[in-house]
Amino acid sequence: MLPLLITQGDACGIGPEIAVAAWAAEHAAPGLPPLCLVGDVAVWRRAVQWAGLDLPVAVLDAPGEAAAVPPRCLPVWQPPGLPADLAAEPPGRISAKAGAAAARCIEAAVARVLAGEGAGLVTAPIHKEALHAAGVPFPGHTEMLQALATPPGAAPPPVRMMLANEELRTVLVTIHVSLRRALDLVTAQAVLETVRITQASLRRFGIASPRIAVAGLNPHAGEGGLFGDEELREIAPAIAAARAEGIDAQGPFAPDTVFMRARHAPPAHPGEFDAVVAMTHDHGLIPVKYLGVEQGVNVTLGLPFVRTSPDHGTAFDIVGQRRADASSMRAALRMAWQLSRG
């Protein structure tokens, strides 16, 4: 069975320690594939201490060796090209070295997964300022993974960010851009492409006939053009085009109420929709995170491989204090396992 690869994220944040804690809690779950931690060996050893665990580290020559590691022994593959003395970087601070290492771990893990050596990818949190300080030309995981998944000379695959938990799934039309820029990116083509990706992904997740709600951009979804006309010009035509293709897309709905309608909390509140397509980052993510970041999972839709991540950042303020909650990382592991089986 191919392993799931877990990247260390920013070495100065909580990523390594929650990954270790999640591994300790989940690696022996029935049916779960082997788990391989990708990153600096010294960083992982430090993370074991920070997580308050007593685990020996097995250094692997390749991720595929994870299946042969003895029980209760942490399997670590250190890719070539990591900065030296990474574990000496002060925790809880922005570090260009940590940003460079995080990017290198992602690059190496993606290469192994694309080569057929991994079942999927689970990424620990990265710090966008650290990436920028290291000269990494991407604002976040989604854009980096899209570029890494693009064959030479080919057009990048259209990808979207989905945040999901047990009660709500949200897929975003725009992500890591300024709000002013996001308004320009809400086009009929972008909305239609997002709906298509959402439909295809939900089907792969086992939902035969996905019900997709499309949120508006403006208050009251524009109120017929009184509060903005993006719904009339861009969003409604995209929904009509999706429906013409046989997709069960509905809307545009007022963004301040559609998430309540989609929330699936049976038996009292079965959701009306399987996912909500939201126009901007905060419109879509605030409702999911309000339900509890400890269970939220970030999924990149449209990639040629499975990728999940916890629904939070590097939490520099609690690094190494045994206060970091690994629940979201555990949920990301379980979801990656489920999706990789599909």
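Residues numbered from 1 in each chain as written. Predicted model: local features only at pLDDT ≥ 70, side-chain atom pairs only at ≥ 80, totals over all residues. Heavy atoms only, no water.

- Looking at an unreviewed UniProt entry, the protein carries the name 4-hydroxythreonine-4-phosphate dehydrogenase PdxA, with the source organism given as Roseateles subflavus.

## Points about unusual backbone geometry
Leaving glycine out, the prevailing phi sign among residues is negative, and the prevailing peptide bond configuration is trans.
And step 1. Backbone torsion omega between Gly251 and Pro252 reads 0°, so that peptide bond is classified as cis.
And step 2. Counting through the fold element by element, Pro252 comes out in strand S9 (residues 248–253).
And step 3. Backbone geometry places Ala315, a non-glycine residue, at a positive phi of 50°.
And step 4. Here Ala315 is to be found in the loop between strand S12 (307–310) and helix H11 (327–341). (Helix = DSSP H or I, 4+ residues; strand = E, 2+ residues; numbered from the N terminus.)

## With respect to the packing of helix H1 (residues 15–26) against H11
And step 1. Following both chains from N to C, one finds H1 and H11 inclined at 55°, their axes separated by 8 Å at the closest point. When the axis of H1 is compared with that of H11, the two are oblique. Crossing angle aside, the handedness with which H1 passes H11 is right-handed. Of the residues in H11, those in contact with Ile18, Ala19, Ala22, Trp23, Ala25 and Glu26 of H1 are Met329, Arg330, Leu333 and Arg334.
And step 2. Grouping the amino acids of the contact of H1 with H11 by side-chain chemistry returns seven nonpolar, no polar and three charged. (Axes fitted to C-alpha atoms, helices over the stretch in contact; angles between N-to-C directions. Parallel < 35°, antiparallel > 145°, perpendicular 65-115°, else oblique. Left-handed = near helix turned anticlockwise from the far one by under 90°. Contact = heavy atoms within 4.5 Å. Nonpolar A, V, L, I, M, F, W, Y, C, P; charged D, E, K, R; others polar.)

## Notes on the nonpolar core
And step 1. The biggest cluster of nonpolar side chains holds 77 residues, and the ones touching the most others in it are Ile6, Val20, Leu37, Trp44, Leu74, Phe305 and Met329.
And step 2. Top element by residues in this core is helix H3 (residues 96–114). It accounts for 10 residues.
And step 3. In this view, Met329 contacts Ile6, Ile18, Ala19, Ala22, Val122, Thr123, Ala124 and Pro310; residues no more than four positions away in its chain are not counted.
And step 4. Among the nonpolar cores identified, the runner-up in size contains 17 residues, and Val186, Val214, Ala238 and Ala242 belong to it. (Core = buried A, V, L, I, M, F, W, Y, C linked by side-chain atoms within 4.5 Å. Buried < 20%, exposed > 50% of the residue type's maximum accessible area, 1.4 Å probe, protein only.)

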